[in-house]
Amino acid sequence: QVQVVESGGGLVQPGGSLRLACTASGSIFKITTMGWYRQAPGKERELVANIIESDSTNYNTFAKGRFTISKDNTKNTVYLQMNSLKPEDTAVYYCNVESRSRILSPTESYWGQGTQVTVSS
């Protein structure tokens, strides 16, 4: 089993910044992908950004130019730096980790419990 724990959410004014962090622990042989998703009330969960083991990154359109995803492989931790936040960025942000527990094991997906981000004046 893999445990995924997020931190860093909170209340911020429009135009402000927040940095989210997510750490994976447990039965990890190799992490293949780490990413951030978000879900606003009444909406479906959507990808914000992810980063794969080659350090290649993908961003949703709304995140490009404002959000930056990065990771620390030594700590199994992924970060999401969010700048120029807007009220429409308000959502619960979830961390997703895809990993293998052994060299020939299939990749499995794990989710954190989510952290609330509220952008409001």
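Our subject is the structure listed above.
Quantities reported herein were computed from a predicted structural model and do not represent experimental measurements.

Points about the sheet that holds strand β1 (residues 2–7)
Strands sit in the order β1-β3-β8-β7 across an open sheet of four strands; the sheet is antiparallel. At either end of the open sheet lies a strand with only one pairing partner, and these are β1 and β7 (67–72). On average, adjacent strands in this sheet sit at an angle of 15° to one another, irrespective of strand direction.

Observations concerning the state of the cysteines
All chains considered together, the criterion is met by one disulfide. In this model Cys22 forms its disulfide with Cys95; the gap between the sulfur atoms is 2.0 Å. With the S-S dihedral at roughly -80°, the linkage between Cys22 and Cys95 falls on the left-handed side. You can see Cys22 sitting in strand β3 (residues 18–26) and its partner Cys95 sitting in strand β9 (residues 91–100), a full 73 residues away along the chain.

Here we look at the packing of aromatic side chains
Applying the stated rule across the entire model yields two aromatic pairs. Between Tyr37 and Trp111, the ring centres sit 5.0 Å apart and the planes meet at 65°, which makes this aromatic pair edge-to-face. Here Tyr37 is found in strand β4 (residues 30–39), whereas its partner Trp111 is found in strand β10 (residues 108–111), with 74 residues between them in sequence. On the basis of relative accessibility, which here comes to 22%, the residue Tyr37 falls in the partly exposed class.

Thresholds, definitions, all that
Residues numbered from 1 in each chain as written. Predicted model: local features only at pLDDT ≥ 70, side-chain atom pairs only at ≥ 80, totals over all residues. Heavy atoms only, no water. Pairing = 2+ DSSP bridges. Helix = DSSP H or I, 4+ residues; strand = E, 2+ residues; numbered from the N terminus. Axes fitted to C-alpha atoms, helices over the stretch in contact; angles between N-to-C directions. Disulfide = S-S within 2.5 Å. Phe/Tyr/Trp six-rings, centres within 6.5 Å; stacked < 30°, edge-to-face > 60°. Buried < 20%, exposed > 50% of the residue type's maximum accessible area, 1.4 Å probe, protein only.

Keep in mind these numbers describe shape, not what the thing actually does.
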